[in-house]
Each structure stands twice: as C-alpha cells, then as structure tokens.
Amino acid sequence: MIWNEHIECMSREQLRDLQTARLKETVERVYHNTPFYRKKMQELGILPSDIKDIDDIQKLPFTTKEDLRDNYPFGLMAVPMSEVVRIHASSGTTGKPTVVAYTRKDVSQWTECVSRCFTAFGATKQDIFQISYGYGLFTGGLGAHYGTENIGASVIPMSSGNTQKQLQIMQDFGATVLCCTPSYALFIADKLADMGISKDDLKVRIGVFGAEPWTENMRKELEEKLGIKAYDIYGLSEICGPGVGYECQNQSGTHLCEDQFYPEIVDPKTLKPVTQATEGELVFTHLTKEAMPLLRYRTKDLTSLNYDTCACGRTAVRMGKILGRSDDMLIIRGVNVFPSQIESVILQMPEFEPHYMIYVNRENNLDTMELHVEARPDLYSDNVGTMISLTKKLTAQLNSILGIAVKVKIVEPRSLARSEGKAKRVFDNRMLK
Ligand code: DLL
C-alpha cells in the first residue's frame, strides 16, 4: 500500500529534477526572507543563482541547534507570524527550547508525510489509532493525530502516561494501532501482564514506534508481548516531527520523504560528504517548508543511506538504524535531554557546586535519571529537613526545565570523583536490548 505512488515511486532522475527545482526555490526564499541565511551566504560569497543543481547543496552553509537557540524564538522564520498556524518546540542545549513553526501548507505537507508512513505500515481508514505520544509542544502527538485523520482512520488522542487507563481504553475501544515510544510500549506490555489482560483481549495489530533508538530485539519482544507487527517511524521537530522516515512492509531500512527534505551524510568532524553507504551524520535541507526552512540542518544522528530501489517499489532512499549521536543528547522516555540543561540549572542555584554526575538506567522497561550533585560546603548540613527541602527545590527546577522527573541526591562537598582530563559526567547504563 502506497499513499502517494507518484512521489514515493518516482524515478531517481525525476526526483533529482524535483529536488533541484525545490532547492532553488527554497534558497531564493531564505536568501530574501531570513537575514540569518542571507548573512551566512554572503560570508561564503554565494548567491541563490549559484545553486543550479541539487549537488550545489554542498556550497550552502550548515545549520545547527545552536543557531536555532541563538535566534530564539522566531529569528529564523521566513514568513510573518500571520502566516504561521502552529508552533512546536523541543529541547535545546540549555534552558531555552528549540522553536519550530509551520504555515498551513507546512502542516499539510507534514500530515502527508505521516500518512505515507501509516499507509506503508499497512494501516487504513478501518483502523483505530491510540496515540500515546505526548500531545503538546512535542511533535509526536499532534503529528500522528493529523496523519491518522488524513488517512481516514479514527483517533483516540490519549497522550502518554496513565498506563492503566491506556490499557482499559485500548481494550474497550478496540484500538488496532498503537503509537508511542518503543520503551513506553514495553512498559505498557508489562502492565498488560500485571493487569491480567491477555494480548488476545486486545485488537492492536500495528505498533508505530519511534522518537528514540530501539533494537531488533526490542522489536521481537514488543511483537511477541503485544501480538503486533512493530514499525519504525523516524523524525525530528526541526524538520517537521514524526514522518521524516518510515519502514515499509519489507522492513529493510527507513524510507525518507526525500521530495520534502534532502538528506546528506557527512563526516561529523570534517563536514565533508562521505561515500555512499558509509556511516556519518545525517543532514537535512528543507525543500518545501515555508515558515522556517533550514539549510543543511545537522541532526547529529549517525546513520547511513542506501539508494538501491526497495523490493516494495519505493525509490525513496533508505536510512539505516540510528546508530547513535555525534553530540551528547540523551533520550529519556522519548524526551530529549542535554546534560548542559542540567548543568545550567545547577549553576543558577547558589546552593550547589558545579560538580555532578548523571546516571541513566532502565528499570522495568522505563528509563530513569538520577543526579548526584555536591552542595556548597557552607550550605551542606546534617539537618535532614534542610537537605530534603533543598532536594525538593532542585527536583522541581529540573522538572520544569526538562519536563521529566529526575531523582536528585545531594552529596557531600568534594565527594564526587574529580577527573584529570575531560570530565565524565554521564553514565548511561541502559542496555538497549
Ligand atoms: O522525536 C519526533 C518523533 C515523534 C519521531 C514521534 C517519531 C515519533 P524530537 O523530539 O525533535 O522529535 O527528537 C528527534 O529523536 O534526532 C533522533 O535522535 C531521535 N529519534 C526520533 N525517531 C527515532 C527513531 C521526535 N525512529 C530525535 N529511531 C532524532 C531512533 C529516533 N531515534
């Protein structure tokens, strides 16, 4: 099943022509409408007219999350706010989130990408989708929601959390598709057993899992425990949200919506393109986005691209599994967390020393994060009450900045190991099974 056969199965030559035409238009637009890009292009001595072919993309400047932060909130917009119909945000490297905006056409293109994913997974208008990605500034909930309505299926807009209720609704409403992070799906599967519900009591047949890395073993476990077929959906807010890429029935890679976002793989150190099928950092350039088109956005996701035509008939390039990141971003229960965000909270509170360790674990299929931080010597106290209230204060502050619960342990001054070289502050003990 293919949602847009003309685009998804277009010959590579035709696709190249389409990409070239769309890139030229995008570069014209940002050059004239986004001072940030005009300046960058001027610094590189290039004009929109220098972009004659899709390969000329290599002449264009890169964009990073830091650029988005430096232009917070709306500095990279290429249209007036009156054209914007939606705003989302994801974690930035410090306290400020990364903001993304959409025009009506952007929302509709994004919706089409998500519809392509769901159709490739084998979902139809007969299906009932339980959307257990978070609704809100995170793109997961609303992205999946619009895609579901667009294919004519029914939406149960659950959002994440409240697992017992999730399962009750799933059973009572006869949900046939479950959309959530793979780790939350594992948690749901375990709760199922706890509640004495059998997978045969559920009608779920398709799992739409993404927003964080997962493995073939997790796929097997989820398929087994929930009695479903599990599919990978990839995306990032800066590009649109979920729907940048999807697995087809062959599950031999993630097809990218290449007519919308042009993918490149570069060496994260030299930023030079790598040879085909080599691993490197994935970079995207918007080809149709109106509100906030980004040129050569560095995703920091490490993967490779395969341009062979897939047995499903789609010509769209296939991306390998995300192998890791070239930065230190952690994904905790689907929420992106940068250690620097935690550091900025600690530095803003005079009660603490800038000495801390972050421990990430997976307990009962749920990610947990624990922070050990040293109190300032003159503030460290044997008084339990004082320490508890200080712990509560830091916990609340972290929760409001990160959007997830962090277990805080205040430790004695000078008790954390000091490093002689580059400090190792993050211990990610999750074994991605
Ligand atoms: O996670 C969008 C999304 C929502 C994708 C729902 C899929 C489903 P961000 O919060 O901006 O957006 O996080 C983007 O998450 O750069 C990857 O590192 C990681 N990621 C997303 N999907 C996958 C996946 C959403 N299928 C960041 N496999 C990306 C591995 C993924 N990592």
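Everything numeric here is computed off the predicted structure, so don't read it as measured data.

A. Representation of unusual backbone geometry. With omega at -10 degrees, the peptide bond leading from tyrosine 72 into proline 73 counts as cis. Tracing the backbone shows proline 73 in the loop between helix H4 (65-70) and strand E1 (84-90).

B. Quick look at helix H6 (residues 139-150). Helix length check: H6 (12 residues) gives 16 Å between terminal C-alpha atoms against 16 Å at 1.5 Å per residue, within 8%. The complete set of buried residues in H6 reads Thr139, Gly140, Gly141, Gly143, Ala144, His145, Gly147 and Thr148. Where the residues of H6 are buried, they touch E1, strand E2 (98-103), helix H5 (104-120), strand E3 (128-131), strand E4 (154-156) and strand E8 (241-247). Residue glycine 152 follows H6 closely and has a positive phi angle near 85 degrees.

C. Inspection of the domain arrangement of the protein chain at higher detail. Structurally, the protein chain comprises domain 1 (1-324) and domain 2 (330-432). For domain 1 and domain 2, the distance between their C-alpha centroids amounts to 31 Å. Residue-level contacts link 19 residues of domain 1 with 15 residues of domain 2. Overall, the association of domain 1 and domain 2 removes approximately 1,400 Å² of surface from exposure, summing both partners, and the carbon and sulfur fraction of that is 57%. The largest share of the area that domain 1 buries against domain 2 comes from Ser91, Thr93 and Phe187, three residues that together contribute 28% of it. For the interface between domain 1 and domain 2, the tally reads zero salt bridges. At the junction of domain 1 and domain 2, the tally comes to three residue pairs in polar contact (both at pLDDT 80 or more).

D. Molecular detail of the layout of surface pockets. Approximately 940 Å³ is the volume found for the largest pocket. Together, 47 residues line the largest pocket, and Ala211, Glu212, Pro213, Met329 and Ile331 are the ones closest to its centre. Sorting the residues of the lining of the largest pocket by element identifies H4, H6, strand E7 (229-236), E8, strand E12 (297-303), strand E15 (324-325), strand E16 (330-332) and strand E21 (426-428) as the ones contributing at least two each. Looking at the lining of the largest pocket residue by residue, the classes come out as 18 nonpolar, 14 polar and 15 charged. Each of domain 1 (1-324) and domain 2 (330-432) gives at least three residues to the lining of the largest pocket.

E. Looking closely at the side chain of threonine 111. Looking at the element boundaries, threonine 111 is found in helix H5. Judged by its relative accessible area of 9%, threonine 111 is buried. A polar side-chain atom of threonine 111 sits 2.7 Å from the main-chain carbonyl oxygen of valine 107. Sequence-distant contacts of threonine 111, that is, excluding residues within four places in its chain, are made with Tyr146, Gly147 and Asn150.

F. Structural view of the site of the ligand. Around the ligand, the structure places 22 residues, and the nearest of them are Asp232, Ile233, Ser237, Asp301 and Asn336. Interatomic distance of 3.3 Å between a backbone N/O atom of glutamate 212 and a nitrogen atom of the ligand. Between the ligand and aspartate 301, the relevant distance is 2.6 Å, taken from an oxygen atom to a side-chain nitrogen or oxygen of the residue. Notes on the ligand: free accessible area 610 Å², of which the protein chains cover 97%. In a pocket analysis with a 2 Å cut-off to the grid points, the ligand is assigned to the largest pocket. At the level of elements, H6, E7 and E8 are the ones that each hand at least two residues to the shell around the ligand. Here the shell around the ligand takes five residues from E7, the largest share from any one element. Residue composition of the shell around the ligand, grouped by class: 10 nonpolar, eight polar and four charged.

Procedures and definitions
- Residues numbered from 1 in each chain as written.
- Predicted model: local features only at pLDDT ≥ 70, side-chain atom pairs only at ≥ 80, totals over all residues.
- Heavy atoms only, no water.
- Helix = DSSP H or I, 4+ residues; strand = E, 2+ residues; numbered from the N terminus.
- Expected span 1.5 Å × (residues − 1).
- Buried < 20%, exposed > 50% of the residue type's maximum accessible area, 1.4 Å probe, protein only.
- Contact = heavy atoms within 4.5 Å.
- Domains from an automatic or database assignment.
- Buried area = accessible area lost by both parts, 1.4 Å probe.
- Salt bridge = Lys/Arg side-chain N within 4 Å of Asp/Glu carboxyl O.
- Polar contact = N/O pair within 3.5 Å; in protein donor to acceptor, adjacent residues only side chain to side chain.
- 1 Å grid on protein atoms, 1.4 Å probe; cavity = no way out; pocket = protein on both sides within 12 Å on 5 of 7 lines; lining within 4 Å.
- Points joined across faces, edges and corners; volume = space filled by probe spheres on them.
- Nonpolar A, V, L, I, M, F, W, Y, C, P; charged D, E, K, R; others polar.
- Near = heavy atom within 4 Å.
- Areas by Shrake-Rupley, 256 points an atom, 1.4 Å probe, with all protein chains shown as cover.
- Sits in = over half its atoms within 2 Å of the grid points.

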